[in-house]
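These are the residues of each chain, in order.
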Protein chains: 2
Amino acid sequence: MNRRTTITDVALAAGVSVATVSKAINGRYGVSAETLSHVMGVVADLGYESSIVATSMRRRRTLVIGVLVAEFEPFALQLLRGVSSALENTEYDVLAYAGSVSAGTHLGWERRSLSRLGGTLIDGAILVTPTAAPSETSVPIVAVDPHVGTDDPATVSVANVEGASAATSHLLSLGHRRIAHLRGRTDLESAREREQGYRNALRASDIPFDPTLVIDGGYRAADSTAGAHAILDLPDPVTAVFAANDLSAIEMMRVASERGLHVPDDLSVVGFDDIIDAAAHVPQLTTVRQPLPEMGAAAVRMLLEILQGHEPEPVQMATTLVVRESTAPPRS
Amino acid sequence: MNRRTTITDVALAAGVSVATVSKAINGRYGVSAETLSHVMGVVADLGYESSIVATSMRRRRTLVIGVLVAEFEPFALQLLRGVSSALENTEYDVLAYAGSVSAGTHLGWERRSLSRLGGTLIDGAILVTPTAAPSETSVPIVAVDPHVGTDDPATVSVANVEGASAATSHLLSLGHRRIAHLRGRTDLESAREREQGYRNALRASDIPFDPTLVIDGGYRAADSTAGAHAILDLPDPVTAVFAANDLSAIEMMRVASERGLHVPDDLSVVGFDDIIDAAAHVPQLTTVRQPLPEMGAAAVRMLLEILQGHEPEPVQMATTLVVRESTAPPRS
DNA sequence: GTGAAAGCGCTAACAC
DNA sequence: GTGTTAGCGCTTTCAC
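Here is what the cut-offs are and how they apply
Residues numbered from 1 in each chain as written. Chains lettered and ligands numbered in written order. Predicted model: local features only at pLDDT ≥ 70, side-chain atom pairs only at ≥ 80, totals over all residues. Heavy atoms only, no water. UniProt positions renumbered as here; feature names shortened; annotations may be inferred. Helix = DSSP H or I, 4+ residues; strand = E, 2+ residues; numbered from the N terminus. Near = heavy atom within 4 Å. Polar contact = N/O pair within 3.5 Å; in protein donor to acceptor, adjacent residues only side chain to side chain. Pairing = 2+ DSSP bridges. Axes fitted to C-alpha atoms, helices over the stretch in contact; angles between N-to-C directions. Core = buried A, V, L, I, M, F, W, Y, C linked by side-chain atoms within 4.5 Å. Buried < 20%, exposed > 50% of the residue type's maximum accessible area, 1.4 Å probe, protein only. Contact = heavy atoms within 4.5 Å. Phe/Tyr/Trp six-rings, centres within 6.5 Å; stacked < 30°, edge-to-face > 60°. Lys NZ or Arg CZ within 6 Å of the ring centre and 35° of its normal. Right-handed = clockwise from strand over helix to strand, strands pointing away.

## Comments concerning the UniProt feature "domain: HTH lacI-type" (unreviewed entry) in chain A
No. 1: The UniProt entry lists residues 5-59 of chain A under the feature "domain: HTH lacI-type" (unreviewed entry), expressed in the numbering used here.
No. 2: Along residues 5-59 of chain A the backbone is 69% helical and 0% strand, and the end-to-end C-alpha distance reaches 20 Å.

The structure is reproduced here in structure tokens:
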């Protein structure tokens, strides 16, 4: 718990000026071979590493990429895996920041985090499911699963409409006719598109759309509890639910089971994302897979492109329906 | 991509000095109510947020806790979930840093990361499976799954000997007699203890310990490939493997399957950790559960204690054997 | 109640 | 080839 070793300590110990130490460390010209090796020896002895904070205040580049999230939930974590491995063998380090932990409100967390880290600590940021498209950012950003109404090309997303349609069609093909939709965070483009896919599939099967069957879940487990109950309280019961993501699908199953219903016999449930928890759940969740690690890697590539001055091209990836154990034909 | 809004911008726009803005923002005395509200209005208008970097250079506290990892693998990620949720409703933000991504070597990553972030960016750090016990740190640290030979009380670990013994006993009770051990990172206390547990269980069953059956895996999937092959190349084949963690257990199963072996019929495999991937694997992995999120939460509590000046008490948590599909009686 | 000035650790001009 | 100096954005004495 001592004070950290600073460049001044090194300079003092080496008997040279702070500037010389800096030059030596950063391989700048104007240091004799002798001085260089001497200074580097002292650096090694003292175990000195430059402070990211001080360095980034003076320098332009910090060689750190920030992944900004509202919270460390499974979706963000899977993405982080991809980001991290894509950054291997590059000169960049990764720093993941959950800035709204103590903020009380989740709204606008990305603006806050960006202001606090951007321009100084990080060279660029990957925003995971941002609540809004930040304008006037101080560093290049790439958004994964972006906010509605984005015209920013620096986005990574999936074919949500098609995926949701496939999920709903799967339920229809099993024979379900009354299918509820536990909707996602309506500020995200993905939630709207998934609802659209749900509607498209119903229309293709000539089933009239019933707005009372669409109930808000909000993507988070805690926010989905009420919606899950509401679905089960429907006067004319549904036999299946398409949840907008896996976290709410899992919560849907939890609530159903709590109320004595058996999945999939009494109720079929389909999710979206294929977070790792989906396959680990009992019963295993039928869901629509997003290639999360690949999306993280794509976001990294895009960010590095932008950092090199190139114009980004939006990336949209395909989804795959993964049929597991949470869906079956309706009972009756 | 504009320059970030600084305190100077705010001061200029508000027509006051930088010092006054700082006082207003931080609620210091010596600002008239009128000036205060005026300044705060400008702050809101400009969307100003103080730079974490600049603030932490001057201030003691940054209200940010760092989770330092070598890489974002499942073990660290699960832990991060616990850390993050434990920090909710506190005044702290979480920042996870993978500092060795570009470092070339994994050795000593914690010293480097600590030097770069400590003393400035973060108030305290949680080190996940550190390769060495850093001395002379600039901030309080808590180690999860610590290095061998630590006498530092600020550690969170599990009962590895008992867990490994339970895993091995499980295989023995199924009737296995030749059981290999795919060993973990020997620089970590956990790997040594797990080998000890394996030996204890064998001894309890009067099975002589055969050193050729202990083969290094190193905890990472990529590092376990060779060891997995070596186990299957054993002249006198084993019927079961106790892998030191889930990642190497999963790699063991992959290699076995690649070589035409069926798990669990031809080979039983037990892991350790119960990362979420274990339950998602086909076949589902029998493993020893560590309560990862709880361990993350415990590390947070310990760190906050130390930050408040209290002496830490080492925490050791219990493990649970989770029997799934990757283990069965030997074929013969 | 407010502002000027110093300084956190570091890098980049510029002087010597 | 090396040292001096200024300044990044911010907080904090200390004058006024």
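## Details of the protein's contact with DNA strand D
No. 1: Taken together, 27 residues form the shell around DNA strand D, and within it Gly30, Thr35 and Arg58 of chain A together with Ile7 and Tyr48 of chain B come nearest.
No. 2: In DNA strand D, the atoms that sit within 4 Å of the protein are 58% sugar and phosphate, with bases accounting for the remainder.
No. 3: The separation between a phosphate oxygen of DNA strand D and a polar main-chain atom of Ser32 of chain A is 2.8 Å.
No. 4: Tyr48 of chain B places a side-chain nitrogen or oxygen 2.5 Å from a phosphate oxygen of DNA strand D.
No. 5: The set of elements that each furnish at least two residues to the surface near DNA strand D consists of α2 (18-26) and α4 (52-58) of chain A together with α2 (18-25) and α4 (52-58) of chain B.

## Quick look at the UniProt feature "domain: HTH cro/C1-type" (unreviewed entry) in chain A
No. 1: Per the UniProt record, the feature "domain: HTH cro/C1-type" (unreviewed entry) sits at residues 6-46 of chain A.
No. 2: Taken end to end, residues 6-46 of chain A comprises 76% helix and 0% strand; its first and last C-alpha atoms sit 10 Å apart.

## Quick look at the sheet that holds strand β11 (residues 315-317) of chain A
No. 1: Spatially, twelve strands are ordered β11(A)-β5(A)-β4(A)-β3(A)-β1(A)-β2(A)-β2(B)-β1(B)-β3(B)-β4(B)-β5(B)-β11(B) in an open sheet, and the strand pairing comes out mixed. Among the strands making up the open sheet, the edge pair consists of β11 of chain A together with β11 (315-317) of chain B. Adjacent strand axes in the sheet meet at a mean angle of 20° when their direction is disregarded.
No. 2: As paired elements, strand β4 (residues 141-144) of chain B and strand β5 (residues 155-158) of chain B share two bridges and run parallel to each other. Paired with Val144 of chain B across the bridge in β5 of chain B is Val156 of chain B.

## Considering the nonpolar core
No. 1: Counting 140 residues, the largest nonpolar core has Phe72 and Met252 of chain A together with Phe72 and Met252 of chain B as the members making the most contacts within it.
No. 2: Discounting residues that sit within four places of it in the chain, Met252 of chain A has contacts with Leu182, Ala228, Ile231, Leu232, Val241, Leu267 and Val269 of chain A.
No. 3: Ranked by size, the runner-up nonpolar core spans 32 residues in total, among them Val53, Trp109, Ile122 and Val139 of chain A.

## Quick word on the packing of aromatic side chains
No. 1: Summed over the entire model, instances satisfying the criterion amount to two aromatic pairs over all chains.
No. 2: A ring pair is formed by Tyr198 of chain A and Phe209 of chain A, whose centres lie 6.4 Å apart and whose planes are at 80°; its orientation type is edge-to-face. Remark: Phe209 of chain A occurs in the loop between α8 (189-204) and β7 (214-216) and Tyr198 of chain A occurs in helix α8; sequence separation between them is eleven residues.
No. 3: Looking at Phe209 of chain A, the relative accessible area reads 30%, which means it is partly exposed.
No. 4: In this structure, Arg194 of chain B packs its charged tip against the face of Phe272 of chain B, placed 3.8 Å from the ring centre.
No. 5: Over the face of the ring belonging to Phe209 of chain B we find Arg199 of chain B, whose NZ or CZ atom lies 3.8 Å from the ring centre.

## Some thoughts on the pairing of strand β1 (residues 64-69) of chain B
All names here are of chain B.
No. 1: Of all six residues in β1, six are buried; the element is thus mostly enclosed.
No. 2: Where burial is concerned, the two faces of β1 agree: the one with Val64, Gly66 and Leu68 and the one with Ile65, Val67 and Val69 are both buried.
No. 3: Each parallel crossover has a hand, and for β1 linked through helix α5 (residues 74-86) to strand β2 (residues 93-98) it is right-handed.
No. 4: Alignment of β1 against strand β3 (residues 124-128), held across four bridges, turns out to be parallel. By the bridge assignment for β3, Leu68 is matched with Leu127.

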